[in-house]
Amino acid sequence: MRTKLTSIELEKRKLKRRKQLKEDIAGYLFILPNLVGFLVFTMFAVVFSFLMSFTDWSLIKKLSAVKWVGLKNYIDLFSDKWFQASVINNLWFLLVVPVTIFLAMIFAFLMNDKIFFKKGFRTILYLPNITSTVAVSVVWFTLFNPRMGPVNQLLMALGVDNPPQWLISTVWAKPCIGLLMIWKSVGYYSLLYLAALQGIPKQLYESATMDGASGVKQFFKITIPLLSPTTFMLTILSVMNNFKDWSLIQIMTEGGPGTSTYNIGYYIYYVAFRKSRMGYASAISWVLLLILMVFTIIRFYVEKKKDF
Amino acid sequence: MNNEGYKRKKLAVKIFLTVIMAIVSFTMLLPFLWMISSSFKDSFSMFDYPIKWIPDKFDFSGYKKVWGGEEVDFLRFFMNSIKTTALSVLGTFISCTLGGFAYAKIRFRGRNGLFLAKLSTMMIPSQITMLPTFMIFKWLGILDTHIAIWLPFFLGQPFGTFLMRQYFQKVPDEMLDSARIDGAGYLRMFKDIALPLAQAGVSVLVFLYFVWSWNFYEGPLLYIHSTKLYTLPLAIKFFTDEYQTNYTAIMAASVSMTVPVLILFIGLQRFFIEDITSSGLKG
């Protein structure tokens, strides 16, 4: 009697194990491409990059000739004027964040039942986001052409004698690029805000209207507070992008004039592929990761705690 | 009476706000209008002030230069872009739907840990993996080939996998169970049940990755050196640096590059713009 029970039990267990094995095989076959990508292009790459950040690895050198230099790359960063300039520029570029977010919020507020043709506006605002930066850069180059560009012609017609040199001026290149950044991302952000707005119950606005609260008041007392989770998320995301996005700068100014538009992300590309100092570039990218981690941790902590 | 006045006032506000929004969106459209308008002008009248948005005389020399194939082989760059984009989108579709389905519906051991690991790779800046990836491609001998552009898309983009997992999670388990009783394996469940139900997700995936691959600049910039292998973004950047004065041709090239994305987006957007929005929020 007893032995029979265990044999049934055993049989059951065996069946279960076989079933699990089948699930395992199916699962791993399905994620095989994902897994290969993860192991090779993430795991291996991360370890490789970390190790190389302690070496004098360069593009021209054979891997066997690479020398271990310890913390030298990280220490060098402190006296690297270009790196410091990139960090300072990055802080400047952060000004783009509040402007973009505030505009996006207003656009979303308007597009949420306050205006006609909202679907059409939604489409138009999203267009810059899906357009190639390279294609748009040509537009920017001609619009802001110091001598013949329409922007400066307009300024001169308005009586400005010495209009800015825009992309070739160390002062005005940053705002010019900042404008492009805002133009490209504001539509996407307002779409995200719009989705969040649609989650706010309409009754809140209705009862506020009954109490005589104006539209402006409703915006500040209801919309802004209830959107704060989205605002927070978008702020963190856009700050992080500001540090790491480099292709827009590569396309527009290649960091120039001088060092005036370098950001950390672009400086890494520059050090790696223009100076072919791959080891040093690896070290900077780990510093970049550290900076980004700080924001990720802040986001995680705040979102957990505030119970948004 | 009072109510009537309130309604009228509300309508007036709505019209007023619509006008403001129209001005704003028109301003946002100006760069596009400038691009299209100048692509039909010659290089001299392009900078005429005040701006003639509709040129007096349409000048097709820019388009002729671009598509005529005498000075530059634009058609080749266009075909390069079509080829790499098609392969990238195909790769994304295969790897992300398969992976997303497995992470959502197959109970294999280690699933949650692996998914979390995959997800966390989204936080790693591309700068970290960029240099090792360059070396891997060098060792594989695929630097300066199109393979370097599309290969990574076959290996499961984290965002796409995450996106598809979201959609596959909505597929009811009962439907899969009844298929299982009928003797269907996971491949058939995936193909016949899950994939058709996740169609909205697939269209978002395909659209987003089409746009990203079509505009993909960083990869080709790092991995491609031969001019004949350039994709459109690289080619236009190259023209801009080389033939700075010939703005008309560069504008014509830019328009030619932008039009396919615009057509696709305007034609399809009403089907899934809500899905793009909500997927972005979750990501």
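Because the structure is a prediction, the values reported are computed rather than measured.

Engineer: Could you give an account of the overall build of chain B, with specific residues and numbers?
Structural biologist: For chain B, the count of helices and strands is 13 helices and zero strands. Sequence-ordered secondary structure for chain B, helices as α and strands as β, is α-α-α-α-α-α-α-α-α-α-α-α-α. Taken over C-alpha atoms, the radius of gyration comes to 24 Å for chain B, far larger than the 19 Å a tight globule of 283 residues would show. Principal-axis analysis of the C-alpha atoms gives chain B an extent of 80 × 70 × 35 Å. The buried share of chain B, reckoned over its 283 residues, is 41%. Restricting to contacts in chain B with at least 6 residues of sequence separation, those with at least 24 account for 76%.

Engineer: Which residues make up the interface of chain A and chain B, and what values go with them?
Structural biologist: Residue-level contacts link 67 residues of chain A with 69 residues of chain B. Of all the elements, helix 2 (residues 32-52) of chain A adds the most residues to the side of chain A that touches chain B, at 13 residues.

Engineer: Pulling in residues and values, what's your account of the nonpolar core?
Structural biologist: Membership of the largest hydrophobic core comes to 135 residues, with the highest contact counts inside it found for A:Tyr193, A:Tyr267, A:Ile268, A:Ile284, B:Ile236 and B:Ala253. Element by element, the count of residues in this core is highest for helix 9 (residues 173-197) of chain A, at 13 residues. If we skip the residues at most four places from it in the chain, A:Ile268 touches A:Ala281, A:Ile284, A:Ser285, A:Leu288 and B:Gln127.

Engineer: Just give me the short version of unusual backbone geometry, but keep the residues and values in it.
Structural biologist: All names here are of chain A. Of the consecutive residues Gly256 and Pro257, the connecting peptide bond is found in the cis state with omega at -10 degrees. Even without a glycine there, the phi angle at Trp166 is positive, about 50 degrees. Non-glycine residue Ser276 carries a positive phi angle of around 45 degrees.

Engineer: Which residues make up the domain arrangement of chain B, and what values go with them?
Structural biologist: Residue and element names in this part refer to chain B. Domains assigned within chain B are domain 1 (2-59) and domain 2 (65-282). Its C-alpha centre places domain 1 at a distance of 33 Å from the equivalent point of domain 2. Of the residues belonging to the side of domain 1 that touches domain 2, the class tally is three nonpolar, three polar and two charged.

Engineer: How would you sum up helix 7 (residues 158-169) of chain B? Please name residues and give values.
Structural biologist: All names here are of chain B. Between the first and last C-alpha of helix 7 there are 16 Å, a value that for 12 residues agrees with the 16 Å anticipated at 1.5 Å per step. Buried residues dominate helix 7, accounting for nine of its 12 residues. Those residues of helix 7 not exposed but buried are Pro158, Gly160, Thr161, Phe162, Leu163, Met164, Arg165, Tyr167 and Phe168.

Engineer: Give me the domain arrangement of chain A: which residues, what numbers.
Structural biologist: Residues and elements named next belong to chain A. We note that the domain assignment places domain 1 (2-70) and domain 2 (77-306) within chain A. When each unit is reduced to the centre of its C-alpha atoms, the spacing between domain 1 and domain 2 is 38 Å. Taken together, the 10 residues of domain 1 in the interface contact eight residues of domain 2. Residue composition of the side of domain 1 that touches domain 2, by class: five nonpolar, four polar and one charged.

Engineer: Give a description of the environment of A:Gly258 that names residues and reports values.
Structural biologist: Along the chain, A:Gly258 falls in the loop between helix 13 (247-252) and helix 14 (264-274). Along the chain, A:Gly258 and A:Phe107 lie 151 residues apart, while their C-alpha atoms are 36 Å from each other.

Reading the values: rules and limits
- Residues numbered from 1 in each chain as written.
- Chains lettered and ligands numbered in written order.
- Predicted model: local features only at pLDDT ≥ 70, side-chain atom pairs only at ≥ 80, totals over all residues.
- Helix = DSSP H or I, 4+ residues; strand = E, 2+ residues; numbered from the N terminus.
- Rg over C-alpha atoms; globule rule 2.2 N^0.38 Å.
- Buried ≥ 20, exposed ≤ 12 C-beta atoms within 10 Å, placed from the backbone.
- Contact = placed C-beta atoms within 7 Å.
- Core = buried A, V, L, I, M, F, W, Y, C linked by C-beta atoms within 7 Å.
- Domains from an automatic or database assignment.
- Nonpolar A, V, L, I, M, F, W, Y, C, P; charged D, E, K, R; others polar.
- Expected span 1.5 Å × (residues − 1).

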